[in-house]
Amino acid sequence: MAKFVIKGGNQLNGKVKISGAKNSALKIMAASIMATGTTILKNVPAIDDVLTMAEVLNILGAEVNFNTAQNEIKINCNDIKAFEAPYELVRKMRASILVAGPLLSRFGEVKIAIPGGCNIGSRQIDLHLKGFELMGAENRLEHGYVYSRAISNSAKGLKRKLKGSEINLEFPSRGATENIMMAACLSSGKTIINNAAKEPEINDLANFLNKAGAKISGIGTDSLIIEGVEELKGCEYEIMPDSIETGTFIVAGALCGKKVEINDAIWDNMGIFCQKLKSMGVNLENKADKTIIVKKSKTALKPAYISTLPFPGFPTDLQPIVTVLLCTIPGISVVTENVFENRFMYADELNRMGANIKIDGHHAVITGVSKLSGAPVSATDLRAGAALVLAGLIADGTTEIYEIHHILRGYENFDKKLRNLGADIIKVS
Ligand code: EPZ
């Protein structure tokens, strides 16, 4: 079983380049289902989740070529014949359900496995399905699958097409915003999504769709307007840099950096995150040309109260990561998780390393400790795994991290990038 072995205590120094955003690449790959001809995506991270999405597209009948060395993927969906996202793949990666909107939009039907819960929460898809229904689809739940079908509108010559609608999301769900926005692209008429999610990855998806011929406006606001078009065409598009990987390296720099220069890092995509860290005393600088610099702080860092919220709020994906930093700051910090109900499973692992975290419902009360001590620990999910790696960098002695398949899903060359900065981390197979 592969694991990371880290000897803590090294100072980080140097430059690191951020990879393309996982949560943008996966959705744009799914969106390519709607395009005729070839879609060429650049800056695609070579991570396991991208390979899984490629597998999903293959199963549907798409031709996918991923040049991992060049981070370039070519997708041709002209010959798609199947409309099903099977359980094995949805189970492995929930983002597989993002093929539903594109398939429904292009072919008027889709069958997707209902994802079920995962290690961070119950994660329903009711908002996705409600959106499809308001656009004229009929959803049938059977044997663990949802069959969604656009009810034909042949009288108007609009057979098997969804129709535009106004959709008010109860919560600015990213997945629901993305699935509904994609479903609306080839529908008849205008769709308005109110209370839409505003994460930069959603803007990236909308910009890709517009480049392919869609008509989406209101990008970056909480009301997206989509005018249905007849056709989308394959195009070339460069995936934005990953803001969660950026935040991970910022925290690594704050924990044990002398001077860490993070390239391809977009400050404005970080929402309130950088501002919050600065208020804690982290020495952060936003330079021109997409560079963020983290330097060792001259003064002691301060504890903080942090609440996760949709963008531009503090990102839930960086909640486990920042908690590691709070563990090392004298005083009491409180982290409140508002997006997922079960995102503190890693706290017990950090406590095994000497941290002092008490969980009370969706709050974590963290009392700073003077040191963490290396221990064998297990990653419970992707970001929890990254948090444990960061803890290992500053812990006394050796930390062994098991279940690293979670980490490999979403971080490209994580160990190599840390090694280049001076960390003592190796991957053992
Ligand atoms: C996306 O998940 C990301 N995944 C997650 O990143 C991220 O943590 C999350 O957004 C929040 O920012 C991808 O982009 C692949 P949501 P998603 O729909 O779209 C509830 C990572 O580590 N909800 O915004 O699934 C839901 O249960 C991953 O990279 C419903 O109740 O998140 C949750 O409590 C982990 N009904 C909240 O909304 C629905 O129909 C936010 O979920 C949909 C969501």
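Since this is a predicted model, take the numbers as computed values, not measurements.

Criteria and cut-off values
- Residues numbered from 1 in each chain as written.
- Predicted model: local features only at pLDDT ≥ 70, side-chain atom pairs only at ≥ 80, totals over all residues.
- Heavy atoms only, no water.
- Pairing = 2+ DSSP bridges.
- Helix = DSSP H or I, 4+ residues; strand = E, 2+ residues; numbered from the N terminus.
- Contact = heavy atoms within 4.5 Å.
- Axes fitted to C-alpha atoms, helices over the stretch in contact; angles between N-to-C directions.
- Buried < 20%, exposed > 50% of the residue type's maximum accessible area, 1.4 Å probe, protein only.
- Core = buried A, V, L, I, M, F, W, Y, C linked by side-chain atoms within 4.5 Å.
- Near = heavy atom within 4 Å.
- Polar contact = N/O pair within 3.5 Å; in protein donor to acceptor, adjacent residues only side chain to side chain.
- Areas by Shrake-Rupley, 256 points an atom, 1.4 Å probe, with all protein chains shown as cover.
- Nonpolar A, V, L, I, M, F, W, Y, C, P; charged D, E, K, R; others polar.

**A word on the sheet that holds strand β10 (residues 145-150)**
In step 1: Judged by pairing direction, the sheet is mixed, and its four strands sit side by side in the order β7-β8-β10-β9 without closing on themselves. What marks the edges here is a single partner per strand, and that holds for β7 (84-85) and β9 (137-142).
In step 2: Judged from the five bridges that link them, strand β8 (residues 109-113) and β10 form a sheet pairing that is antiparallel. Note that in β10 the partner of V110 across the bridge is S148.
In step 3: Each of β8, β9 and β10 is contacted by helix α4 (residues 100-107), which is oriented at about 160 degrees to β8, the strand it contacts most.

**As for the pairing of strand β6 (residues 72-76)**
In step 1: Burial of β6 is extensive: four of the five residues sit out of reach of the surface.
In step 2: In this sheet, β6 lies alongside strand β4 (residues 38-42) in antiparallel orientation, the contact comprising four bridges. Its bridge partner being in β6, T38 is matched across the sheet by N76.
In step 3: Bridging between strand β5 (residues 63-67) and β6 involves five bridges; their strand directions are antiparallel. Bridged to E63 within β6 is N76.
In step 4: Counting the residues between successive antiparallel strands, the hairpin from β5 to β6 contains four residues, one of them, N71, with a positive phi of roughly 55 degrees.

**Structural notes on the nonpolar core**
In step 1: If you look at the biggest cluster of nonpolar residues, it comprises 80 residues, and the most contacted ones within it are M181, L209 and L232.
In step 2: For this core, the leading source of residues is helix α6 (residues 174-185), giving seven residues.
In step 3: Those residues in contact with L232 that sit more than four places away from it in its chain are M34, A35, T36, C185, L186, L209, A212, G213 and A214.
In step 4: L326, V335, A384 and I407 belong to the second-largest nonpolar core, a separate cluster that totals 69 residues.

**Overview of the site of the ligand**
In step 1: Around the ligand, the surrounding shell holds 22 residues, and the nearest of these are K27, D126, S173, D317 and V339.
In step 2: A distance of 2.8 Å is found between an oxygen atom of the ligand and a side-chain nitrogen or oxygen belonging to R383.
In step 3: Protein chains bury 86% of the 830 Å² of accessible surface belonging to the ligand in isolation.
In step 4: Going through the elements one at a time, α1 (22-31), α5 (126-134), α6 and α12 (382-394) are the ones with two or more residues in the shell around the ligand.
In step 5: Here the residues of the shell around the ligand sort into eight nonpolar, six polar and eight charged.

**Notes on the sheet that holds strand β18 (residues 283-287)**
In step 1: Taken together, the four strands give an open sheet; going across it, the order is β2-β17-β19-β18, and neighbouring strands pair in mixed fashion. This sheet does not close on itself; its edge strands, each paired only once, are β2 (12-17) and β18. Taking the axes of each pair of neighbouring strands and ignoring which way they run, one obtains an average angle of 10 degrees across the sheet.
In step 2: Direction of pairing for β18 relative to strand β19 (residues 291-295): antiparallel, over a ladder of five bridges.

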